[in-house]
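# Remarks on the overall topology
Listed below are the residues making up each chain.
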Amino acid sequence: MRITKLEHAALVVEDSGDKFYVDPGKFTTPITESSGAVAVVITHQHDDHWTPEQLTRIREANPDVRIFGPAGVAAAAADFPVETVQSGDVVEVGPFRLRFFGGRHAVIHPSIPVIDNLGVLVNDALYYGGDSFTMPGVPVEILAAPAGAPWMKISEAMDYVVEVAPRRAFPTHEMVLSRAGKALSNARLAWATEQGGGEYVPLEPGETLDF
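Scope of this entry: the structure provided in the associated data block. (Residues numbered from 1 in each chain as written. Predicted model: local features only at pLDDT ≥ 70, side-chain atom pairs only at ≥ 80, totals over all residues. Heavy atoms only, no water.)

### So, the side chain of T4
Mapped onto the elements of the fold, T4 is located in strand β1 (residues 2-5). Of the residues examined, T4 reaches a relative accessible area of 11% and is grouped as buried. Not counting residues within four places of it along the chain, the set of residues in contact with T4 comprises L11, V12, E14, G206, E207 and T208. (Helix = DSSP H or I, 4+ residues; strand = E, 2+ residues; numbered from the N terminus. Buried < 20%, exposed > 50% of the residue type's maximum accessible area, 1.4 Å probe, protein only. Contact = heavy atoms within 4.5 Å.)

So this is what it looks like as C-alpha cells:
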C-alpha cells in the first residue's frame, strides 16, 4: 500500500490499483488523474479540505466512487451523494477499511462556530485526524501530523504526536506556512516523533510512503 502526499491536507492511498482520497480542497492542485478511486473521505466542510470542483473531477472519472463525511459535510455538499458517518463507524470499501473517530473541529476562536470533524484510520495503520487532535486510542503505524493552521500552535501538535507515538509521521496542513515555517515545524514534529522511537518523514507534495 502506498500513500502519496498531495498539497495541504490532501492525500491518496493506493492498493493494487484502487485509490482512496482524503480532503481534496482548494489548496490542492486539481486532481485530474484519479482513475481507480473507490472512496473519498472529507473530514469536515471547510473548503481547504474539499471543493465541488475537486469532487466533480473525481466523480467524472469514477462514477461509482463513494464519498464519506460527517453530517456537516453532507449538508454542505448536498449536491453530492455523501454517505454520513460518525465516530465509531467502520466502513469497508475495496481494499480499504475505514474507522472514524472524534466528532468536532478544534476551536479556532470563540467567535467562530465549531463544526463537525472526523478523523479516519485506514486499514488500522494510517491515521489522519482532520482539523483536530482527536486521539484514536489504538496503535498507529503512520500519522499525518498537522504542521500549521489557525486552530493550532506547534506545541499542541508536538504533544499530540508524542501521545500518539506513531512508528512514522509526516506533515500535513502546511500550505499556510512559508518555507521557513515548514522547516521549523518539521524540526519540532521530528523531535516529537522521535520521543516514541518513531521516524519523521518530511514529505513534500508528490512524495510517497509505502506501508
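Alright, that's what it looks like, and here's the rest.
### Focus: the nonpolar core
The biggest cluster of nonpolar side chains holds 27 residues, and the ones touching the most others in it are L11, F20, F68, L98, F100, L126 and F170. The set of elements that each furnish at least two residues to this core consists of β2 (11-15), β3 (18-22), β4 (37-41), β7 (90-93), β8 (96-104), β9 (116-122), β10 (126-128) and β11 (142-146). Once residues within four sequence positions are removed from consideration, F100 is found in contact with V41, F68, V85, Q86, S87, G88, D89, V91, L118, G119 and V120. Among the nonpolar cores identified, the runner-up in size contains 21 residues, and Y127, A145, V161 and A190 belong to it. (Core = buried A, V, L, I, M, F, W, Y, C linked by side-chain atoms within 4.5 Å.)

### Examining the sheet that holds β10
Taken in spatial order, the 7 strands make up an open sheet running β7-β8-β9-β10-β11-β12-β13, and their pairing is mixed. Two strands close off the open sheet at either side, each with one partner strand: β7 and β13 (199-200). Summarising the sheet, β10 and β11 pair through 3 bridges and their orientation is parallel. Considered in β11, the bridge of Y127 is made with L143. Contacts from helix α3 (residues 154-164) reach β10 and β11, with the element oriented near 170 degrees to β11. (Pairing = 2+ DSSP bridges. Axes fitted to C-alpha atoms, helices over the stretch in contact; angles between N-to-C directions.)

### A closer look at the pairing of β7
Here β7 shows a clear split, with V91 and V93 buried on one side and none of V90 and E92 buried on the other. Both β7 and β8 contribute to a ladder of 4 bridges, which runs antiparallel. Looking at β8, one finds that V93 is bridged to F96. Between β7 and β8, which pair antiparallel and follow one another directly, the connecting turn spans 2 residues, one of which, G94, has a positive phi of 55 degrees.

### Focus on a nonpolar patch on the surface
A surface patch of nonpolar side chains, about 250 Å² in accessible area, is lined by F27, M175 and V176. On the secondary structure map, M175 appears in the loop between β12 (168-172) and α4 (179-195). Exposure remark for M175: the relative accessible area of 43% places this residue in the partly exposed category. (Patch = residues over 30% accessible without salt bridge, like charges linked within 9 Å, V, L, I, M, F, W, Y side chains within 5 Å. Areas by Shrake-Rupley, 256 points an atom, 1.4 Å probe, with all protein chains shown as cover. Salt bridge = Lys/Arg side-chain N within 4 Å of Asp/Glu carboxyl O.)

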